Amino acid sequence: MTLHLFDTATRAARALVPLTPGQVRVYVCGATVQGGPHIGHMRMAVAFDVLVRWLRRSGLDVTLVRNVTDIDDKILTKSAEAGVPWWAWAQRFEREFTAAYDALGVLPPTYEPRATGHVTEMVELMERLVERGHAYVTGAGDVWFDVRSFPEYGALTNQRPEDLTPADDEADQPDGEGSVKRHPHDFALWKATKPSDPATASWPTPYGRGRPGWHLECSAMAEKYLGETFDIHGGGLDLRFPHHENEQAQSRAAGHGFAQLWMHSAWVTQGGAKMSKSLGNSLMVASILEQAPAVALRYALTAVQYRSMLEYTPETLHEAEATWTRLAGFVERATERLGRSHDLDAVRTAPLPAGFTAAMDDDLNVPAALAVVHEHLRRGNTLLADGSDEQVEAEVLALRGMLDVLGLDPVQWGGAGQGSLAETALDALVRAELDARARARAEKDWTTADAVRDRLAGAGIVVEDSPTGARWSLVHDQED
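Residues numbered from 1 in each chain as written. Predicted model: local features only at pLDDT ≥ 70, side-chain atom pairs only at ≥ 80, totals over all residues. Heavy atoms only, no water.

*Asks:* Please give an account of the pairing of strand S2 (residues 12-15) that cites residues and values.
*Replies:* Pairing geometry for strand S1 (residues 4-7) and S2, over 4 bridges, is antiparallel. Within S2, the residue paired with phenylalanine 6 across the bridge is alanine 13. Following S1, the chain reverses through 4 residues before pairing antiparallel with S2; arginine 11 in that reversal takes a positive phi of roughly 60 degrees. (Pairing = 2+ DSSP bridges. Helix = DSSP H or I, 4+ residues; strand = E, 2+ residues; numbered from the N terminus.)

This is the structure we're talking about:
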């Protein structure tokens, strides 16, 4: 089966046919580093991480570009309020985003360009648009894209220009006579320097000093690293309009094919409302990772199909951690029985179950793929009790291979419960009980040893004796 992905532009699932056989070029809108990352940001990052992992597992060579917007109205405003240079503010939060990506196992992009490092390319693109009659200059250097000059404007989001809301650009407010844009839907390509702007937040252009508009940045960086036409453009659902609509308009008006397929991941919601800083209901990644292992958050963000809303509740992480612990527990027990752990080459070349492959090829249907994962988990737990080593080995390879595609291979994460403060504390307490049991057994005090085991069982803890000593797990670790 060929991979089919839902294309926002055509509003239908389409077969992915790479422009260059065997290669896929992907551009994903990254962070605007005005503040720290919340799980809404990470939902998008994890969704496209799964896409990249699946493309590579399918034998394709993937070039992924994920940009950093490090110059922006909000960055300037917030840094000024904090009394720090805008570039220092941006770098601080860029590091926080990188730390969050790393903590959640998001693979690094092939290239991660900053907007401020690509002003030359932006100016060249802007000049091309002016020359072609798609952009115009007002006032002291504000440059606007003329939406009426491009008949396809609105095609990405299936909107008629007359029905669109006016473009919301800070530069809409004129600094002087003649700086007003011609049409309410025209959007800023370049924003002339204002008296309130820091001197360092502007660059020279043929039209005057200023700074780039948000939409211009991504078009210029995509062209530089992926060429005038590339395979997939992705981002969060909230970027469809105006950002992606404007990107497509200015790039195609410049004569580029631009993205051939558009993908958008859905939001994280709380109580049905989109998670955002403005609503005051954002959950910061750093705070969550103080309470739960990163892999539990990764599982929670991965488990819902990327185009479906993820409703976040207090139980979300608890359920994800319990499920992860069952998966990791099986891999740990199977590895212990086999006496070795397979290297990544073996995991990534072992055949994947047909049901899993079909689910992933169906627009990355992760819930259906996870159903196959749990079928193999149940089978693997049964085989641990009465199967052969060869059967157990086949199941653990299949399970790890599927989880690797989802960025959840327990061996790469270091096993179950890593990073959880509660799990660490529980392990210390249970180990103390097991040490007491071991001493009683050594002294042939079977009554005390059995009492320890019964006490742990009453608390929902299963004890298994193995050649390397006693090991423990929670009752739900072995259920599915």
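*Asks:* Residue-level account of the pattern of salt bridges, with values.
*Replies:* As enumerated under the stated definition, the model contains 21 salt bridges in all. Of the charged contacts in the structure, one is a salt bridge between aspartate 7 and arginine 14, with a shortest N-O distance of 2.8 Å. Exposure remark for aspartate 7: the relative accessible area of 1% places this residue in the buried category. A relative accessible area of 30% places arginine 14 in the partly exposed class. (Salt bridge = Lys/Arg side-chain N within 4 Å of Asp/Glu carboxyl O. Buried < 20%, exposed > 50% of the residue type's maximum accessible area, 1.4 Å probe, protein only.)

*Asks:* Tell me about the nonpolar core, residues and numbers included.
*Replies:* Where a protein is soluble and globular, its nonpolar side chains tend to be buried together. With 69 residues, the main nonpolar core has Tyr27, Phe145 and Leu189 as its most contacted residues. At 7 residues, helix H3 (residues 86-103) tops the list of elements feeding residues into this core. The contacts of leucine 189, once residues within four sequence positions are left out, are Met126, Leu129, Ala135, Val143, Trp144, Phe145, Pro212, Gly213, Leu216 and Gln250. Counting residues in hydrophobic clusters, the runner-up holds 51 residues, among them Leu5, Leu55, Leu377 and Leu408. (Core = buried A, V, L, I, M, F, W, Y, C linked by side-chain atoms within 4.5 Å. Contact = heavy atoms within 4.5 Å.)

*Asks:* Which residues make up the sheet that holds strand S13 (residues 310-311), and what values do they have?
*Replies:* Hydrogen bonding along the main chain pairs the strands of a sheet, whether they run parallel or antiparallel. Across the sheet, 3 strands lie side by side as S12-S11-S13; this open sheet has mixed pairing. The open sheet has two edge strands with one neighbour each: strand S12 (273-274) and S13. Judged from the 2 bridges that link them, strand S11 (residues 268-270) and S13 form a sheet pairing that is parallel. Note on S13: the bridge partner recorded for threonine 269 is glutamate 311.

*Asks:* Which residues make up the packing of aromatic side chains, and what are the values?
*Replies:* The full count for this structure, using the stated rule, is 9 aromatic pairs. Look at phenylalanine 97 and tyrosine 101: their rings are 6.2 Å apart centre to centre, the planes differ by 55 degrees, and that puts the pair in the tilted class. Of this pair, phenylalanine 97 and tyrosine 101 both sit in helix H3, 4 residues apart, which is roughly one turn of the helix. Residues phenylalanine 97 and tyrosine 101 agree in their burial class; the two are buried. Both rings, one in phenylalanine 258 and one in tryptophan 262, keep their centres 6.0 Å apart while their planes meet at 50 degrees; by these two values the pair is tilted. Side by side, phenylalanine 258 and tryptophan 262 carry an identical accessibility label, which is buried. One aromatic cluster in this structure is built from Phe145, Tyr153 and Phe187. Directly above the ring of tryptophan 89 sits arginine 92, whose terminal nitrogen or CZ lies 5.5 Å from the centroid. (Phe/Tyr/Trp six-rings, centres within 6.5 Å; stacked < 30°, edge-to-face > 60°. Lys NZ or Arg CZ within 6 Å of the ring centre and 35° of its normal.)

*Asks:* Which residues make up the sheet that holds strand S6 (residues 142-145), and what values go with them?
*Replies:* In spatial order, the strands read S5-S6-S7-S8; together these 4 strands make up an open sheet with antiparallel pairing. Of all strands in the sheet, those with a lone pairing partner are strand S5 (135-138) and strand S8 (210-212), marking the two edges. Recorded for the sheet is a direction-independent mean angle of 25 degrees between the axes of neighbouring strands. As paired elements, S5 and S6 share 4 bridges and run antiparallel to each other. Counterpart to alanine 135 in the pairing with S6 is phenylalanine 145. Here helix H4 (residues 119-131) sits on the sheet and contacts S5, S6, strand S7 (187-192) and S8; the angle it forms with S7, its principal contact strand, is near 120 degrees. With respect to the sheet, helix H5 (residues 214-226) is in contact with S7 and S8, its orientation differing from that of S7 by roughly 100 degrees. (Axes fitted to C-alpha atoms, helices over the stretch in contact; angles between N-to-C directions.)

*Asks:* If you had to explain unusual backbone geometry to someone new, which residues and values would you point to?
*Replies:* In this structure, the amide linkage connecting phenylalanine 241 to the following residue, proline 242, adopts the cis form with an omega of 10 degrees. Among the secondary structure elements, proline 242 is positioned in helix H6 (residues 240-253). A positive phi angle, close to 60 degrees, is found at aspartate 363, a residue other than glycine. In this fold, aspartate 363 is placed in the loop between helix H11 (354-361) and helix H12 (366-386). Owing to a relative accessible area of 5%, aspartate 363 belongs among the buried residues under this scheme. Look at leucine 364: it is not a glycine, yet its phi comes out positive at around 55 degrees. With respect to the helices, strands and loops of the structure, leucine 364 is situated in the loop between H11 and H12. Leucine 364 sits in the buried class, given a relative accessible area of 2%.

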